[in-house]
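Spelled out from the first residue to the last, the chains are:
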Amino acid sequence: MMNNSNQQHIEDHKSKTNKNYLLLLVVNYVCLFLGSTSSTLLSKFYFNHKGSSRWVSTWVQTGGFPLLIIPIYLPYFLKCTERKPFTHFTKKLLILSVFVGIMLGINDLLYSWGNSYLPVSTSSLLLSSQLIFNLILSVLIVKQKVTFSNLNCVILLTLSSVLLALTSRNDKPTNISRANYFIGFFCTIGAGLLFALYLPVMEKIYKKVYCYQMVMEMQLLMQVVATTLAGIGMAFDGGFSEMMKESRELFDMGPTWYWVTVFSNVITWQLCFMGTAGMVFLTSSLTGGICMTALLAINVLGGVLVYKDEFGGVKVVSTALCCWGFCSYVYGLYVKMKEEEKEKKEMEKSNNVREMVRMVNDIP
């Protein structure tokens, strides 16, 4: 059990009145924005230029876990906190981290298979299918309150995926067979559903977490597990020696661009996972899922601009629905914030009136 001091730390980190709360929230969303858009485009760049190992694509998603040492240890060395890294990290949190790490490894593999067969724009829009399951699982696991704004947002974003799925046969790349296209289609759907479970599970776990640094510590352990799974898969597929061979013989941009692509992808995926974890910790799993889904519209545009993916009427409508859904959710948060401020002012006014009445009654 945590003592009162530890509980106070939790309240300070998540309190919207904390002076560092907004800064931390903005930094995590920027990490999510940069990581999500860049990692998607780089993964597709790898496959477009004859990169063929889905295990490599899976490994790079979590292989940069040593970078998490920076946000874990830097605050302590800069005297921003007195807490030593991995303090109060219980055996239960360790077991949960390993379990979620396995889930994360499977999710990464499904994502890699899907991204290798589908255009970036199609893959991005399909991943938004996770949102309706995110809402359902958030209600069941963390008792998320369903409001008109979040329900409207989920419906709109899910509808965009349905529209895309109904016309997916017109978007199949010419160099991909119909069977492989549908393998990629269903792997992407599977990755979205598994991620929908991952978010509320993490929110549930984060309720027991000491502080933001511990969130990064859990991420470190999860990614070590996920990277180990990917490493085992790579070993059966030829090991890291196959990466050397692939860089020299298969990747048509040459070894230099191969390693630039791999290590750039390692960094961008870390930004994506750091941003996701931070958003869930500071807000909620549903808000994190909605923010990620909203970024899919940017990924769609990125696929069109960088890789010349088709952007016909269906994708225009799907992207518009993504933007509409996200804007409706942001507006709902704005209205809720104003209502909370109004209630707070009314409560303060009521308390002042009661205090004045008490003072008057105390006069002899």
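Look above for the structure.
Since this is a predicted model, take the numbers as computed values, not measurements. Just so you know, the residues in each chain are numbered from 1, in the order the chain's sequence is written. Side-chain atom pairs in this predicted model are given and counted only at pLDDT of 80 or more, local residue features only at pLDDT of at least 70, and totals for whole chains, interfaces and linings cover all residues. Values reported for side chains reflect all heavy atoms of the structure, with hydrogen atoms and water molecules removed beforehand.

1. So, a negative patch on the surface
A cluster of acidic residues, Glu339, Glu340, Glu343 and Glu346, forms a negative patch at the surface. Numbering of helices and strands runs from the N terminus, with a helix taken as a DSSP run of H or I at least four residues long and a strand as a DSSP run of E at least two residues long. Position of Glu346 relative to the elements: it lies in helix α14 (residues 313-362). Any residue under 20% of the maximum accessible area for its type is buried, any over 50% is exposed, and the rest in between are partly exposed; the area is computed with a 1.4 Å probe on protein chains only. Relative accessible area serves as the criterion here: at 47%, Glu346 is assigned to the partly exposed category. Candidates for patches are residues over 30% relative accessible area with no salt bridge; among them, like charges are joined within 9 Å and nonpolar side chains (Val, Leu, Ile, Met, Phe, Trp, Tyr) within 5 Å. Values of accessible area rely on a 1.4 Å probe in the Shrake-Rupley scheme; residue burial ignores everything except the protein chains shown. Each salt bridge in this description consists of a side-chain nitrogen of Lys or Arg and a carboxyl oxygen of Asp or Glu lying within 4 Å of one another. Lys and Arg are tallied as positive, Asp and Glu as negative. Neither His nor the chain termini are counted. To locate a charge, take NZ of a lysine, CZ of an arginine, CG of an aspartate or CD of a glutamate.

2. Points about helix α7 (residues 130-142)
For a helix, the expected span equals 1.5 Å multiplied by the number of residues minus one. In this model α7 runs 17 Å from its N-terminal to its C-terminal C-alpha over 13 residues, within 8% of the 18 Å that 1.5 Å per residue would give. The set of residues buried in α7 consists of Gln130, Leu131, Asn134, Leu135, Ser138 and Val142. The arc enclosing the buried residues of α7, seen along the axis, measures out at 140 degrees, which places them on a common side. Backbone geometry just downstream of α7 places Lys143 in the positive-phi region, at approximately 60 degrees. Comment: arc refers to directions from the helix axis out to C-beta atoms.

3. Quick look at the side chain of Asp108
Relative to the helices and strands, Asp108 resides in helix α5 (residues 91-117). Summary of buried charges: Asp108 has no salt-bridge partner, and the nearest side chain of opposite charge, Arg54, is 14 Å away. Two residues qualify as a contact provided that any one of their heavy atoms is within 4.5 Å of a heavy atom in the partner residue. Setting aside anything within four residues of it in sequence, one finds Asp108 in contact with Thr58, Gln61, Thr62, Ala226 and Phe273.

4. Quick word on unusual backbone geometry
Phi is positive for Lys50, close to 75 degrees, though the residue is something other than glycine. A positive phi angle is found at His88, which is not glycine, with a value near 60 degrees. Its location among the elements puts His88 in the loop between α4 (69-77) and α5.

5. Some thoughts on the packing of helix α9 (residues 178-206) against helix α12 (residues 255-282)
Think of each axis as a best-fit line through the C-alpha atoms, taken over the contacting stretch in the case of a helix, with angles from 0 to 180 degrees between the N-to-C directions. Orientation of α9 relative to α12, taken along the N-to-C sense of each, is 55 degrees, at an axis distance of 9 Å. If you check the angle between α9 and α12, you find them oblique. Classified by chirality, the crossing of α12 by α9 is right-handed. Listed contacts from α12 to Phe195, Leu199, Met202, Glu203 and Tyr206 of α9 are Thr276, Ala277, Val280 and Phe281. Each residue belonging to the contact of α9 with α12 can be placed in one class, and the counts come to 7 nonpolar, 1 polar and 1 charged. Small angles under 35 degrees read as roughly parallel and large ones over 145 as roughly antiparallel, with 65 to 115 read as roughly perpendicular and the rest as oblique. By the definition used in this description, the sense in which the near helix is turned from the far one sets the handedness, with an anticlockwise turn below a right angle giving left-handed and a clockwise turn giving right-handed. Three categories are distinguished: nonpolar for Ala, Val, Leu, Ile, Met, Phe, Trp, Tyr, Cys and Pro, charged for Asp, Glu, Lys and Arg, and polar for the others, with Gly belonging to the last.

6. Side note on the packing of helix α2 (residues 21-48) against α5
Where α2 meets α5, the axes come as close as 9 Å, and the angle between the chain directions of the two elements is 65 degrees. The interaxial crossing formed by α2 with α5 has right-handed handedness. Seen from α2, the contacting residues are Thr40, Ser43, Lys44 and Phe47; seen from α5, they are Tyr111, Ser112, Asn115 and Ser116. In the contact of α2 with α5, the residues fall into 2 nonpolar, 5 polar and 1 charged.

7. Observations regarding the packing of aromatic side chains
Aromatic rings from Phe, Tyr and Trp, with only the six-membered ring used for Trp, were paired whenever their centres fell within 6.5 Å, and each pair was classed as stacked if the ring planes differed by under 30 degrees, edge-to-face if by over 60, and tilted otherwise. Enumeration over the complete set of coordinates arrives at 20 aromatic pairs. Feature note: the residues Phe45, Tyr46, Phe47, Phe251, Tyr258, Trp259 and Phe263 constitute an aromatic cluster, connected by ring pairs. In this structure, Arg54 is placed above the aromatic ring of Trp113, and the distance from its NZ or CZ to the ring centre is 4.5 Å. Whether a charge sits over a ring comes down to the Lys NZ or Arg CZ being within 6 Å of the ring centre and within 35 degrees of the ring normal.

8. Looking at the environment of Trp59
Locating Trp59 in the fold gives a position in helix α3 (residues 54-62). Classification of Trp59 as buried rests on a relative accessible area of 15%. Separated by 207 residues in sequence, Trp59 and Val266 place their C-alpha atoms 8.5 Å apart. Those residues in contact with Trp59 that lie beyond four places of it in its chain are Thr227, Ala230, Gly231, Met234, Phe240, Val262 and Val266.

9. Examining empty space enclosed by the protein
Buriedness of a pocket was judged along seven lines, with at least five required to meet protein on both sides within 12 Å; pockets are open sets of points on a 1 Å grid over the protein atoms alone, cavities are sets where a 1.4 Å probe fits but cannot get out, and lining residues have an atom within 4 Å of a point. Grid points are joined across faces, edges and corners, and a volume is the space filled by probe spheres set on the points. Inspection of the entire model under this criterion finds 3 cavities of 30 Å³ or more. As a volume, the largest cavity reaches approximately 300 Å³. What lines the largest cavity is a set of 20 residues, and nearest its centre among them are Tyr111, Leu127, Phe195, Trp269 and Met292. Among the secondary structure elements, those contributing two or more residues to the lining of the largest cavity are α2, α5, α9, α12 and α13 (285-307). Of the residues in the lining of the largest cavity, the class split is 9 nonpolar, 10 polar and 1 charged. Computed from the structure, the second largest cavity encloses a volume of approximately 50 Å³.

10. With respect to the side chain of Ser57
Among the structural elements, Ser57 can be located in helix α3. You can call Ser57 buried: its relative accessible area is 4%. Polar side-chain contacts of Ser57 include one of 3.3 Å to the side chain of Ser112. Ignoring anything within four residues of it in the chain, the contact list for Ser57 reads Phe47 and Ser112. Any pair of N or O atoms that falls within 3.5 Å is considered a polar contact. Within protein, one atom must be able to donate a hydrogen and the other to accept it, and sequence-neighbouring residues count only if both atoms are side-chain atoms.

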